[in-house]
Amino acid sequence: MTSFVVKRVGAALGIVVVLTFVMFFLQRISHTDPVHAMLGAGASPAAVRAEAHRLGLDRPLVDQYFSYLKGLTHLDFGTSYRLREPVSTALATYFPATMELTAYSLLFALVIALILGVGGAGKWKGAGVFRAIMLPAACIPPFLLAMFGKIVFYEHLNLLPAAGRISSSVANPPTGPTGFLTIDGLIAGKPNVTIDAFIHLLLPALCIALIPAISIGRILRSSIEQTMQMDHVRTARAKGLKERSVLLKHALRNSVGPALSMAGLQLGLMFAGVVVIEIMFNWPGVGWFLAQSIPQGDFPAIAGVTLVLSITYVAINAAVDVLQAVADPRIRV
Amino acid sequence: MAAPDPGIGTLAGNEMTMSETSPPESRQGIRDQVDGRLHGSGSGLDAVASTEDLSITFARGRQRIHALQGVSIAVQPGEIVALVGESGSGKSALGLCLLGLLPTRPAPEVAGTATICGVDMLTSPESEKRAIRRSRLGAVFQDPMTSLNPTMRVGAQVIEAAGSEDEALSLLEAAGIPHARTRMRSYPHELSGGLRQRVMIAMALAGEPSLVIADEPTTALDVTVQAQILELIRELRETKRTSFLFVTHDLAVAQQVADRVVVMYGGRVAESGPAGAVFDSPYHPYSAGLLDTRITLDGPLAVELPTLAGDPVDNSVVFSSCPYLPRCPSAQARCEDGVPELRQLDADRWVACPISADEYSGPGLVSIRSKARRAFQPAPRTLDLTESPDSPEIQLRGEASDGKASSHQVVVTVNDAEKSFPLGRRDSGRAVLALRGASLRVMAGESVAIVGESGSGKTTLLRAISGLTPLDSGSVQIEGRSPQMVFQDAGSSLTPWMTVGDILGERLRKERMSRHARRARVIEALRSVELSAGVVDAKPHQLSGGQRQRLAIARAVMVPPSVLLCDEPTSALDVSMASTVVNLLGRLRSDLGIAMVFVTHDLAVARTVADRLCVMYLGRVVEEGPADLVCSNPGHPYSIALLESVPGRGRFSPVSGEPPNPVNPPAGCSFHPRCPQAEAACSATSPCLKTGQGEEMSGLHPGDHHLVACIHWGGRLGSS
Amino acid sequence: MVASVFPAITLVALLVPILAPDNPLIPVTTSSGMSSFVAPGHHGFLLGSDLIGRDVFSRVLYGIRTSWFSAIGVIASGMIIGGAVGLVAGASGGLVDSILMRITDAFLALPGPVIAICVVAAMGPSLFHTLVAVAVVWWPFYARIVRGEIRALAGRTHVDAARLAGVSRFRLATRHLLPGAVPAIVVTASLDVANLLITMAGLSFLGLGAPEPAPELGAMAAQGMQFLLTDWWVAVMPGMAIFALALLSNIAGDGVRKLWGRS
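As the structure is a computational prediction, the values presented were derived from the model and not from experiment.

**Student:** An account of the state of the cysteines is requested, with residue identities and associated values reported.
**Tutor:** Residues and elements named next belong to chain B. One pass over the full model with this rule turns up zero disulfides over all chains. Free cysteine Cys335: the closest other cysteine sulfur is in Cys353, separated by 5.9 Å. Using a relative accessible area of 5% as the deciding quantity, one classes Cys335 as buried. Unpaired in this structure, Cys688 has its nearest cysteine sulfur neighbour in Cys669, at a distance of 12 Å.

Printed below as a string of structure tokens:
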């Protein structure tokens, strides 16, 4: 088991190194020239040379890569062309908001998937209804869902807020220690912060969660159905176990593996959804920051966001694999 | 349930009290007694399980498969009933039906009754069926790997059935699991096949069930382990008086284990009665035919095996006459008048055949047995078996007889073959040692059988000869055309999306010939294996199992190789199909004069097809010699154990232990941990193959000698 | 057959220049002069008009055309590149397999859409760059599936039999292995169209597609967002078009799956 964890973590680190290669390469082919981005178009050749030297662009490529890598280990993502300040400062501001939104989206996705998967797999009459909802629901683009959410729950029902992380009326929201307002509110003893923050993230998180939830739910359903046909489930039934304990003790545990893998993969799509949804809901996260940076061709900012999201993704997938090894002893070799 | 009293009378008494309180059952029992359709010892009243007029129909696509068509059977307390039939006989559906576990999607149509201890397993509410499964029934299924939950420790799985840890422990011990307490913490994939099946049995025995339904429980196991499990079942029946319904395709297994046998054909009972009586004098022409086509260790050699005529039963038909009629050699005109009802032969024997006893008495059966047993010319043996096999003169004579020069040409030489397969990651260093220095020689036209259990390396040796598996060390030399192979699972050995014509035509790609000529060659090849030219445009899945295997053989021999390699080509086939394939291989071999290496776990098949026999254990040849001699007078304790484990021969004393893990074979003679004759020296030295006179042969002059790798073998005194 | 929805949509997409009532790029002048934000169903605007008076219906039709051909193009490239890599890896085994699958796994271990965003942003927003970026992150999925199918087939003895029959490596791969992987790849691809449509619409929504005034569904929805609560149709109609397109292709994909008997 320990060796499995070590191997999995090693593989994840390898992926991250590959990622830094890719980012370095993209930086080179980027259509924005870093020197002119910093100095403006009309800079004198001498100033350009000086700036290029300051940025290390006159050194060999390998050198440049290693100093880039070295910077990354110190959380130095470079300087934003647009803000003229370190990208890491902006990421530190925006990243917790994105993580909180993603965490809740993932949580919602898993809960919905479990309901859809187990509900759709049973032999009861409602199973058909579950299956019927899943097909069209999987086809709604997140931004369309967000539009409907805004029109219905904000404009017409006035139930849910449609922008930001927290109401301006909430005075002095806590700024630490986790950066998750729902949790920090509890830690700071301000339940109103937690409630307000939760209401704010409800709509965007659901919009992000829907499509992944259905993908995961589908896999879970077919996996449960397959497991329920297996010999060992027949053995469990032959023992005289109740159908419910057959499903929960014997079928579900053997079916969550594929669903968990799918959840890990769906996280990639969720990050893309997060970017769109953050724009739609003015959510002050890295996605929103990314959207601000794209039109300016602010590559260090774009690369910084890509790196933090990718590293999070790689880390979560490694964790999922380890979880699976815990669930299924055959994987630990 | 109170613990059952060992006295059968008391148990029956209990059943009587139960039936008095439940009117439907007693009514049922009386009806059974009246019309007498429920056959078995005594009345149906005290049966732990019975079915009456049970019919099951599955919908498969547009086809309707009539798995059972009016089956009535009964299992009495403390009785082992074997339900015997070929694939498609409906035997497994019957077992599942009694468990109340027929598939639900799509749900089959069911008629009749299936009763366990008075509870109808078809119509009762699910909760009642579940209670019966919990308290009165146990089940053991074919594949112990897939039948256990892979993510749960086996202890937890047994506790689920047994209720408490102590109870689970005593069940595991009763099922013969050594170190049961530590084993409880294992996952199924950490146990051997035999242990897994013992865990299944422990689970089935939880709650002192009245009946255990065992569906092919030994089919996936090695023959020595099968013997142990069969002994265990007999023993449990003695100690716990548990009834068993033992579903099997293997007549010998049924003969070994059962008190009573029910032979099924086409979803109907063909014959039933006490095991001894049915096997000694089968009445139904199908039972007689099945017994006759069985390949045994004492059958005549060098003759064609008897086969069942005709095609396997088509169970998409509702029969209006005897289902066996199209294949029956004793058919009479009146056999066409309706489906024959079961009739009583004597106290305990029932048969669904209208032919009367005098038409049929005693030698009448011989007419089937002796039917068309024509001798075929086997490939010339390199040895006159009347001579003493170990005398050195024979070898000299063999080399001197230049008249038979061609038959003395060696076509396959394997020297000191070693092969290991890494387990898991390459760097873990763990590996399955499949071959640990095996040597083999095959002469032109000779047939050699390699016999061994799983992990013996027999298939790896075969694949090494074919060139498909490269060796780690050692050498393989082939003379003449490259070898061809016939695989165990014919279906998997044929490219599914190619037509029969394409599959066969591919062998001719190197020969320049017109499309027309190629097609003619293909059709000729089909004819040679008794397939009609009409199948040339069919895809493999449109053929039956037996046809597919014949097609695979046609592909192998249409350009005759110097040696034909056969990897258990009969083990996936029904009994009657197996003998057809063995006959076909025998004929092709004598017609084409090719050598054959035949890998099998079945000694009887090996003896029938081979001139010479090699017994392998853990990657080494432990005994080789003329096939008949090795079977009648085995030298190595392992060969003796294998022979003793063959079911259906009366004497039956299974060797203990299981084939060890080929990842770390025991030091010295690898058989010594299981060997009844083992002594201290056996764990120290690893004996090599020797003649009875103690001459080491080192695999270079195999020919006709009887060689054994055991320190107890004849030459021991001379060598020490 | 439900599966024929695929060619049907392709046909409609081809005929868009004929079907569209107006030029998607030019404001329509009506009798009343002003055509800005006409509600759906008025003044001959089936789906309304946008800020500067262009016909939303025509723009949506052209958007569907772009989305559809983009999705088909990326899927096709995924099937070809992924199929080739998977076939070579699965059929060769050993070192070649290890190397190719390491590369594939590295791609799969990264969040594809995020990397695609970064790639387009680096190369500069354009439809072509978006297609390339998505294609680059999309093929490994297919390589995995094909390789898995091929490895499963390679374990069957029919491959051994073919090798013993003296079949060449190329023929072994193309005749004895590849046909067995075709159902899996076709079914996967047809169920993948909807995912791709939605993902690409997301990129276009972020401004990573053809620049304004090109009619792209995602971009149109993004531009309409600021008028969502007053003139909802400008944003919602393109979104609904993506939804309809995705739904149709999922239904068709399900049809393909049933046709090939896969679950």
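**Student:** Can you lay out the interface of chain C and chain B for me, pointing to particular residues and giving the numbers?
**Tutor:** Taken residue by residue, the interface counts 20 residues in chain C and 25 residues in chain B. Inspection of the region where chain C meets chain B yields three salt bridges. C:Asp160 is the salt-bridge partner of B:Arg463, the closest N and O atoms lying 2.8 Å from each other. Linking chain C to chain B there are 12 residue pairs in polar contact (both at pLDDT 80 or more). Counting only elements with at least two residues in the side of chain C that touches chain B, the list comes to helix 4 (94-108), helix 7 (157-164) and helix 8 (169-205) of chain C. Here the element with the most residues in the side of chain C that touches chain B is helix 7 of chain C; it accounts for seven residues.

**Student:** Pulling in residues and values, what's your account of helix 4 of chain C?
**Tutor:** Its 15 residues give helix 4 of chain C an end-to-end C-alpha distance of 21 Å, which sits within 8% of 21 Å, the value for a rise of 1.5 Å per residue. Buried residues belonging to helix 4 of chain C abut helix 1 (2-29) of chain A together with helix 3 (56-92) and helix 6 (127-154) of chain C.

**Student:** Outline the confidence of the model for chain B, supporting the account with residue identities and numerical values.
**Tutor:** Residue and element names in this part refer to chain B. Within chain B, residue pLDDT values average 81, and 84% of them lie at 70 or more. Every residue in residues 716-720 is under pLDDT 50, and counting partners more than four places away or in other chains gives three contacts. Quick note on the complex model: pTM equals 0.82, ipTM equals 0.85.

**Student:** Give me the lowdown on the sheet that holds strand 11 (residues 343-346) of chain B, citing residues and values where you can.
**Tutor:** All names here are of chain B. One open sheet holds the eight strands; their spatial order is 6-7-8-3-9-10-12-11, and the pairing between them is mixed. The open sheet has two edge strands with one neighbour each: strand 6 (137-140) and strand 11. Taking the axes of each pair of neighbouring strands and ignoring which way they run, one obtains an average angle of 20° across the sheet. Bridge count for strand 9 (residues 260-265) against strand 10 (residues 268-274) is six bridges, and the pairing is antiparallel.

**Student:** Lay out the packing of aromatic side chains in plain terms, naming residues and giving numbers.
**Tutor:** Inspection of every chain in the model, using the stated rule, returns 20 aromatic pairs over all chains. On the basis of an interplanar angle of 50° and a centroid distance of 4.4 Å, the ring pair of B:Tyr617 and B:Tyr638 is categorised as tilted. A residue pair is termed long-range when its members are at least 10 positions apart, and B:Tyr617 in strand 20 (residues 612-617) and B:Tyr638 in helix 22 (residues 637-645) qualify at 21 residues. Neither B:Tyr617 nor B:Tyr638 differs from the other in exposure class; each is buried. Arranged with centres 6.2 Å apart and planes meeting at 25°, the rings of C:Phe6 and C:Trp68 form a pair that is stacked. Of this pair, C:Phe6 sits in helix 1 (residues 5-14) while C:Trp68 sits in helix 3; the two residues are 62 residues apart in sequence, bridging distant segments of the chain. On the accessibility criterion, C:Phe6 (13% relative accessible area) is buried. One aromatic cluster is present, built from ring pairs that chain together A:Phe21, A:Phe24, A:Tyr65, A:Phe66 and A:Tyr68.

**Student:** Talk me through the interface of chain C and chain A; I want residue IDs and the actual numbers.
**Tutor:** Across the contact, 40 residues belong to chain C and 44 residues belong to chain A. Our count for the contact surface shared by chain C and chain A stands at zero salt bridges. At the boundary of chain C and chain A, one finds zero residue pairs in polar contact (both at pLDDT 80 or more). Put simply, the parts of the chain that give the side of chain C that touches chain A at least two residues each are helix 4, helix 5 (112-123), helix 8, helix 9 (217-224) and helix 10 (233-259) of chain C. Take the side of chain C that touches chain A: its biggest share by element is 10 residues, from helix 10 of chain C. Of the residues contributing to the side of chain C that touches chain A, the split by class is 32 nonpolar, seven polar and one charged.

Definitions and limits used
Along each chain, residue indices are assigned from 1 in the same order as the chain's sequence is written. The lettering of chains begins at A and the numbering of ligands begins at 1, in the order of writing. Local features are withheld for residues below a pLDDT of 70 in this predicted model, meaning they are given only at 70 or higher, and side-chain atom pairs are given and counted only at 80 or more; totals for whole chains, interfaces and linings count all residues. Note that the side-chain values use all heavy atoms of the structure and ignore hydrogens as well as water. Note on terminology: pairs of cysteine sulfur atoms within 2.5 Å are recorded as disulfides. Only protein chains enter the area calculation, which uses a 1.4 Å probe; residues under 20% of their type maximum are buried, those over 50% are exposed, and those in between are partly exposed. Note on contacts: a residue pair is in contact if any heavy atoms of the two residues lie within 4.5 Å. The salt bridge definition used is simple: a Lys or Arg side-chain nitrogen within 4 Å of an Asp or Glu carboxyl oxygen. Polar contact is defined as a pair of N or O atoms within 3.5 Å, subject to the rule that within protein one atom must be able to donate a hydrogen and the other to accept it, and that residues adjacent in sequence are counted only when both atoms are side-chain atoms. To qualify as a helix, a DSSP run of H or I must reach at least 4 residues; to qualify as a strand, a run of E must reach at least 2; elements of each kind are numbered from the N terminus. By this rule the span expected of a helix is its residue count minus one, scaled by 1.5 Å. Confidence of the predictor in every single residue is expressed as pLDDT, which spans 0 to 100. The pairing criterion is simple: DSSP has to find at least two bridges between the two strands. A fitted line through C-alpha atoms represents every axis, and for helices the fit uses only the stretch in contact; the resulting angles, taken between N-to-C directions, go from 0 to 180 degrees. Stacked, edge-to-face and tilted are the three classes for Phe, Tyr and Trp ring pairs, Trp counted by its six-membered ring, which pair at centre distances within 6.5 Å; planes under 30 degrees apart are stacked, over 60 edge-to-face, the rest tilted. Gly is put with the polar residues, along with every residue not named as nonpolar or charged; the nonpolar set is Ala, Val, Leu, Ile, Met, Phe, Trp, Tyr, Cys and Pro, and the charged set is Asp, Glu, Lys and Arg.

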